[in-house]
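Observations on the model geometry
The lines below spell out each chain.
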Amino acid sequence: AGPRAYRAEQCNALQQPTTTIAEAIIERAKFLVMRENCTTLIDDLAKSISDPLITAHWSGLTGVCEASLRLYITSPLYDQIYLTAVSITVRPEQILVSTRDGGGVLHFGYELAPLRRYICQLLCEHNCTTVHSLAKLNGWTVLQYDSLWKSRSMQAKISVQSPDDRYALRFSSGSD
């Protein structure tokens, strides 16, 4: 039957549910709680941090127990210079995060504190990368660019020098 020429027994085996209704309800409830917690985390960060701007675009449900969103981090008036984009996939027991720079996929569990720290790290790096892009655009030389992880905080620093070597600026962005 069908394009794969399944036998009747194979068709019946495909129709048998692999999980019970109770398991499916529990899995769906876990997913809804995880999605709500993730939404609250991102909304709280967006409300408490005014620069850079955090925007989340939910793609909708990609499955019964899976949703994805694109998280965009931009700096007001400089959004054309640099944009940080992250894909987040929410599942019942884990959150997957992938960046557009091809850094792989990060796995976060149901605890949202590591996800919060990671987003704060992205904010710090976004600020310094925006300064880096703006400096290069204006002919300034980048002297140093560091990203430091401490036990509970993240610090990103950049030093730039003017084209005529008269001025040197140091910019740092950190989170606690």
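Structure: above.
Residues numbered from 1 in each chain as written. Predicted model: local features only at pLDDT ≥ 70, side-chain atom pairs only at ≥ 80, totals over all residues. Heavy atoms only, no water.

**Details of the environment of Asn-127**
Looking at the secondary structure, you find Asn-127 in helix H3 (residues 113-137). Of the residues examined, Asn-127 reaches a relative accessible area of 15% and is grouped as buried. Separated by 52 residues in sequence, Asn-127 and Ser-75 place their C-alpha atoms 7.7 Å apart. Those residues in contact with Asn-127 that lie beyond four places of it in its chain are Pro-52, Ser-75, Phe-171 and Ser-173. A polar contact of 3.1 Å, which involves the side chain of Asn-127, links it to the side chain of Ser-173. (Helix = DSSP H or I, 4+ residues; strand = E, 2+ residues; numbered from the N terminus. Buried < 20%, exposed > 50% of the residue type's maximum accessible area, 1.4 Å probe, protein only. Contact = heavy atoms within 4.5 Å. Polar contact = N/O pair within 3.5 Å; in protein donor to acceptor, adjacent residues only side chain to side chain.)

**Considerations on helix H2 (residues 21-48)**
Taking 1.5 Å as the rise per residue, H2 with 28 residues should run 40 Å; its terminal C-alpha atoms sit 41 Å apart, in good agreement. Those residues of H2 that fall on the buried side of the exposure criterion are Phe-31, Met-34, Cys-38, Leu-41, Ile-42 and Leu-45. (Expected span 1.5 Å × (residues − 1).)

**Some words on the nonpolar core**
Ile-42, Leu-71, Ile-88, Ile-95, Val-97 and Leu-115 are the most contacted members of the largest nonpolar core, which totals 25 residues. Those elements that place two or more of their residues in this core are H2, strand E2 (66-74), strand E3 (83-90), strand E4 (95-99) and H3. (Core = buried A, V, L, I, M, F, W, Y, C linked by side-chain atoms within 4.5 Å.)

**Digging into the packing of aromatic side chains**
For the coordinates displayed, the defined rule picks out 1 aromatic pair. Judged by centre distance (5.9 Å) and plane angle (45°), the rings of Phe-108 and Tyr-118 are tilted. Of this pair, Phe-108 sits in strand E5 (residues 105-108) while Tyr-118 sits in helix H3, and the two are 10 residues apart along the sequence. Side by side, Phe-108 and Tyr-118 carry an identical accessibility label, which is buried. (Phe/Tyr/Trp six-rings, centres within 6.5 Å; stacked < 30°, edge-to-face > 60°.)

**Structural notes on the pattern of salt bridges**
One pass over the full model with this rule turns up 2 salt bridges. Two residues, Lys-30 and Glu-93, come together in a salt bridge whose shortest N-O distance is 2.7 Å. Here the residue Lys-30 occupies a position in helix H2, and Glu-93 occupies one in the loop between E3 and E4, the gap between them amounting to 63 residues. Arg-91 is the salt-bridge partner of Glu-66, the closest N and O atoms lying 2.8 Å from each other. Of this pair, Glu-66 sits in strand E2 while Arg-91 sits in the loop between E3 and E4, and the two are 25 residues apart along the sequence. Residue class for Glu-66 comes out partly exposed when judged on its relative accessible area of 24%. With a relative accessible area of 28%, Arg-91 lands in the partly exposed category. (Salt bridge = Lys/Arg side-chain N within 4 Å of Asp/Glu carboxyl O.)

**Considering unusual backbone geometry**
Residues Asp-51 and Pro-52 are joined by a peptide bond in cis, for which omega reads 5°. With respect to the helices and strands, Pro-52 occurs in the loop between H2 and strand E1 (53-63). In this model, Asp-165 sits at a positive phi of 60°, which is unusual for a non-glycine residue. Along the chain, the position of Asp-165 falls in the loop between strand E7 (154-161) and strand E8 (168-175).

**Description of H3**
Since the α-helix advances by 3.6 residues per turn, residues separated by three or four positions end up pointing in the same direction. In this model H3 runs 36 Å from its N-terminal to its C-terminal C-alpha over 25 residues, within 8% of the 36 Å that 1.5 Å per residue would give. With its phi angle positive at about 85°, Gly-139 sits one or two positions after the end of H3.

**Remarks on the side chain of Ser-75**
By the element assignment, Ser-75 lies in the loop between E2 and E3. Judged by its relative accessible area of 6%, Ser-75 is buried. Within polar-contact distance, the side chain of Ser-75 engages the side chain of His-126 at 3.0 Å.

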